[in-house]
Amino acid sequence: QVQLVESGGGLVQAGGSLRLSCAASGRTFSTYNMGWFRQAPGKEREFVAGISWSGSRTYYADSVKGRFTISRDNAKNTVYLQMNSLKPEDTAVYYCAAAGPIATKSGKYDYWGQGTQVTVSS
């Protein structure tokens, strides 16, 4: 069992930066591949970034590639999402999730946090 709690969301101007954190409980965190998803009003939840259990592999949606960076610290049971050059279209609720396999589809993820709001003003 893994419990996930996101933090770091907020309101930022276009071009600005935010860093999201996702703190996990449970001693098995380091065995899970982790992902960040987002959901804007009226839209489906979409994959943003993923990282393997060791941190050696990362992967991104095309829409955020080159602007967002996912990382993890297994000693702190935490995964991060550094978001730079933010755009108004990045506005959404951001969720972290834990999965067994490396995956970009939300259905492959077993555990989810409650989400944190990111709003980018133009």
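Residues numbered from 1 in each chain as written. Predicted model: local features only at pLDDT ≥ 70, side-chain atom pairs only at ≥ 80, totals over all residues. Heavy atoms only, no water.

K.L.:
Just to check I follow, could you spell out the packing of aromatic side chains for this structure?
P.N.:
Two aromatic rings, taken as a pair, are described by how far apart their centres are and by the angle between their planes. Evaluation of the coordinates by the stated rule reveals 7 aromatic pairs. Note on Tyr-95 and Trp-112: the rings are 6.5 Å apart at their centroids and 80 degrees apart in plane angle, and the pair reads as edge-to-face. Of this pair, Tyr-95 sits in strand S9 (residues 92-99) while Trp-112 sits in strand S10 (residues 109-112), placing them 17 residues apart in sequence. Put simply, the rings of Phe-37, Phe-47, Tyr-59, Tyr-95, Tyr-109 and Trp-112 touch in pairs and so form one group of aromatic residues. One Lys or Arg, Arg-45, reaches over the ring of Trp-112 and ends 4.7 Å from the middle of that ring. It is Arg-72 that lies over the ring of Phe-29; its NZ or CZ is 4.5 Å from the centre. (Phe/Tyr/Trp six-rings, centres within 6.5 Å; stacked < 30°, edge-to-face > 60°. Helix = DSSP H or I, 4+ residues; strand = E, 2+ residues; numbered from the N terminus. Lys NZ or Arg CZ within 6 Å of the ring centre and 35° of its normal.)

K.L.:
Is there a simple way to think about the state of the cysteines in this case?
P.N.:
Note on terminology: a disulfide is the covalent bond linking the sulfur atoms of two cysteines. Applying the stated rule across the entire model yields 1 disulfide. Through a disulfide, Cys-22 is tied to Cys-96; the S-S separation comes to 1.9 Å. Its torsion about the S-S bond being 45 degrees, the disulfide of Cys-22 and Cys-96 is classed as right-handed. Separated by 74 residues along the polypeptide, Cys-22 in strand S3 (residues 18-25) and Cys-96 in strand S9 bring together distant segments of the chain. Across the pair, exposure class does not vary: Cys-22 and Cys-96 are buried alike. (Disulfide = S-S within 2.5 Å. Buried < 20%, exposed > 50% of the residue type's maximum accessible area, 1.4 Å probe, protein only.)

K.L.:
When you look at the nonpolar core in this model, what are you seeing that I'm missing?
P.N.:
Among soluble globular proteins, nonpolar side chains are generally buried collectively. If you look at the biggest cluster of nonpolar residues, it comprises 38 residues, and the most contacted ones within it are Leu-4, Trp-36, Leu-81, Met-83 and Tyr-94. When residues in this core are grouped by element, the largest group, 6 residues, is from S9. Residues contacting Leu-4, with those up to four places away along its chain left out, are Cys-22, Ala-23, Ala-24, Met-34, Cys-96, Ala-97, Ala-98, Tyr-111, Trp-112, Gly-113 and Gln-114. (Core = buried A, V, L, I, M, F, W, Y, C linked by side-chain atoms within 4.5 Å. Contact = heavy atoms within 4.5 Å.)

K.L.:
How should the environment of Ser-25 be read in this particular structure?
P.N.:
By the element assignment, Ser-25 lies in strand S3. Here Ser-25 falls in the partly exposed class, since its relative accessible area comes to 30%. With 22 residues separating them along the chain, Ser-25 and Gln-3 place their C-alpha atoms 5.2 Å apart. Ignoring any residue separated from it by four or fewer positions in sequence, one finds Ser-25 in contact with Gln-1, Val-2 and Gln-3.

K.L.:
Please clarify how the environment of Phe-29 should be interpreted in this entry.
P.N.:
Along the chain, Phe-29 turns up in the loop between S3 and strand S4 (33-39). Owing to a relative accessible area of 0%, Phe-29 belongs among the buried residues under this scheme. Leaving out residues up to four positions away in the same chain, Phe-29 has contacts with Ala-24, Met-34, Arg-72, Asp-73, Asn-74, Asn-77, Thr-78 and Val-79.

K.L.:
Any chance you could explain the side chain of Asp-90 here in plain terms?
P.N.:
By the element assignment, Asp-90 lies in the loop between strand S8 (78-83) and S9. At 2.8 Å, the side chain of Asp-90 and the side chain of Arg-67 are in polar contact. Leave out the neighbours within four places in its chain, and Asp-90 touches Arg-38, Arg-67, Phe-68, Ser-85, Val-118 and Val-120. (Polar contact = N/O pair within 3.5 Å; in protein donor to acceptor, adjacent residues only side chain to side chain.)

Nothing here speaks to function; it is geometry throughout.
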